[in-house]
Amino acid sequence: MAIADLANPSRFLRFANRTIPWLGGLTVVAFAFGINQAMVAPDDYQQGATVKIMFLHVPGAWLGTLGWGVMTIAALGTLVWRHPLADVTAKAAAPIGAAFTLLCLVTGSLWGRPMWGTYWVWDARLTSVLILFLLYLGVIALWRTVEDPSRAARAAAILTLVGAIDLPIIKFSVDWWNTLHQPASVFRFGAPTIDPSILIPLFIMTVAFTLAFATLLLAAMRNEILRRRVRTLRLMQASAAS
Amino acid sequence: MEATNHIAFIVAAYAAAIAVVGGLTAWVMLDYRAQRRKLADLEMRGVTRRSAPMRRPEPTMEKEEA
């Protein structure tokens, strides 16, 4: 099956039905391996055992920004090609991205309290991630407010493209401003600055979380296609009755 | 730096992760069941895409499946 064939909703549903169980199983295996590796990883020489929070915080941050990246590409699909599956992707990705951004904020706070002495500071990195979370909530609210899916999709696509400005701000905030948050230590030019004994479990956990994201996104897209099918049938029923 | 001093923060972080991933999983599974139930209910009442009336209410992705 060519990738272009998946643009057909019925073919996409068949693909999703076949793929979701395998992806789900792979996610469970990756999490089991990743959590095991995270638990046996050594403590950090400065941060002690709290470094184990990093195995959740970094994937949360990665998926929060990845979710908006997926929505940005989908927004282009909505506005340029007006493809309904792009609308479906954007709508399905929003709550998942929001949840992972929230996980990033919560685990960051729980890591910050013992290390920085505070749950929260209004520095550029933390604030820009909070703005991303609020943008997610705005997009979700927009989808729920506008009843017609195609109109909601266009409005949400415009907000998504505007909000994409926040992604480079999040990435480079630690370089552009003086922040309490540390500079990039994994996703940076040059080699990561983390010891392999901690970097490898972090990589495995990031893969596990990314697989979870992909599984959840496929499942949410399948649900959205079915929801639109229900809506279409109800409109047909009402139209036939009138 | 003793791990025991910060164990509550670590446990709370992992509990938050379980809540997020578990909550999302439960949400997509329950939503799937709900949509399947609604579709089955419509089909039981004879409303299917095959029984579509002449006048379609709006252009949707369904047209690509013809």
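Residues numbered from 1 in each chain as written. Chains lettered and ligands numbered in written order. Predicted model: local features only at pLDDT ≥ 70, side-chain atom pairs only at ≥ 80, totals over all residues.

Would you take a moment to explain the overall build of chain B for this structure?
The helix and strand tally for chain B stands at one helix and zero strands. Out of the 66 residues in chain B, the part that is buried amounts to 18%. (Helix = DSSP H or I, 4+ residues; strand = E, 2+ residues; numbered from the N terminus. Buried ≥ 20, exposed ≤ 12 C-beta atoms within 10 Å, placed from the backbone.)

Teacher, can you tell me more about the overall build of chain A here?
The helix and strand tally for chain A stands at seven helices and zero strands. Beginning at the N terminus, the succession of helices and strands in chain A can be written as α-α-α-α-α-α-α. Reported as C-alpha extents along the three principal axes, the dimensions of chain A are approximately 70 × 35 × 30 Å. Counting every position in chain A, which comprises 242 residues, the buried fraction comes to 42%. Sequence separation of at least 24 residues holds for 77% of the intrachain contacts in chain A that already meet a minimum separation of 6. (Contact = placed C-beta atoms within 7 Å.)

In this structure, what is going on with helix H5 (residues 149-163) of chain A? I would like to understand it.
Helical periodicity: at 3.6 residues per turn, an α-helix aligns residues three or four positions apart in one direction. Residues and elements named next belong to chain A. Here H5 spans 20 Å end to end across 15 residues, near enough to the 21 Å set by a 1.5 Å rise per residue. Residues of H5 that are buried: Pro-149, Ala-153, Ala-156, Ala-157, Thr-160 and Gly-163. The arc that holds every buried residue of H5, seen down its axis, measures 125°, which confines them to one face. What points out from H5, more than 90 degrees from its buried face, is the exposed set Arg-151 and Val-162. As for H5, its buried residues are in contact with helix H2 (54-81), helix H3 (84-116), helix H4 (124-145), helix H6 (166-176) and helix H7 (196-241). (Expected span 1.5 Å × (residues − 1). Arc of directions from axis to C-beta.)

Would you take a moment to explain unusual backbone geometry for this structure?
Keep in mind that most residues, glycine aside, have a negative phi and that most peptide bonds are trans. Residues and elements named next belong to chain A. The backbone of Arg-82 sits at a positive phi, close to 55°, despite the residue not being glycine. As for its placement among the helices and strands, Arg-82 is situated in the loop between H2 and H3. Residue class for Arg-82 comes out exposed when judged on the 12 C-beta atoms lying within 10 Å of it.

So what exactly am I meant to see when it comes to the nonpolar core here?
When a protein is soluble and globular, its nonpolar side chains tend to lie buried together. In this structure, Ala-90, Ala-93, Ile-96, Leu-103, Phe-213, Leu-216 and Leu-217 of chain A are the most contacted members of the largest nonpolar core, which totals 71 residues. Those elements that provide at least two residues to this core are helix H1 (9-40), H2, H3, H4, H5 and H7 of chain A together with helix H1 (3-44) of chain B. It is H3 of chain A that contributes the most residues to this core, 18 residues altogether. Those residues in contact with Phe-213 of chain A that lie beyond four places of it in its chain are Leu-63, Leu-66, Ile-96 and Phe-100 of chain A. (Core = buried A, V, L, I, M, F, W, Y, C linked by C-beta atoms within 7 Å.)

Would you mind showing me how to read the environment of Leu-142 of chain A here?
All names here are of chain A. Mapped onto the secondary structure, Leu-142 falls in helix H4. Among the residues examined, Leu-142 registers 19 C-beta atoms within 10 Å and is labelled partly exposed. The sequence separation of Leu-142 and Ala-153 amounts to 11 residues, and the corresponding C-alpha distance is 8.8 Å. The residues touching Leu-142, leaving out its near neighbours within four places in the chain, are Ala-152, Ala-155, Ala-156 and Leu-159.

I would appreciate a short explanation of the confidence of the model for chain B in the present structure.
It should be kept in mind that the predicted coordinates are not to be read in detail where pLDDT is low. Across chain B, the average pLDDT comes to 79, with 68% of residues at 70 or higher. Taken together, the stretch residues 62-66 of chain B has pLDDT below 50 and engages in eight contacts with residues farther than four places along the chain or on a different chain. (pLDDT = per-residue confidence, 0-100.)

Sorry, what's going on with the packing of H2 of chain A against H7 of chain A here?
Between two packed helices, both the angle of their axes relative to each other and the distance between the axes serve to describe the pair. Residue and element names in this part refer to chain A. Contact pair H2 / H7: the axes reach a minimum separation of 9 Å and the direction vectors enclose 40°. Looking at the two axes, H2 sits oblique to H7. Of the two elements, H2 crosses H7, and the hand of that crossing is right-handed. Residue-level contacts link Met-54, Phe-55, Val-58, Pro-59, Trp-62, Leu-63 and Leu-66 of H2 to Pro-201, Leu-202, Met-205, Thr-206, Phe-209, Thr-210 and Phe-213 of H7. (Axes fitted to C-alpha atoms, helices over the stretch in contact; angles between N-to-C directions. Parallel < 35°, antiparallel > 145°, perpendicular 65-115°, else oblique. Left-handed = near helix turned anticlockwise from the far one by under 90°.)

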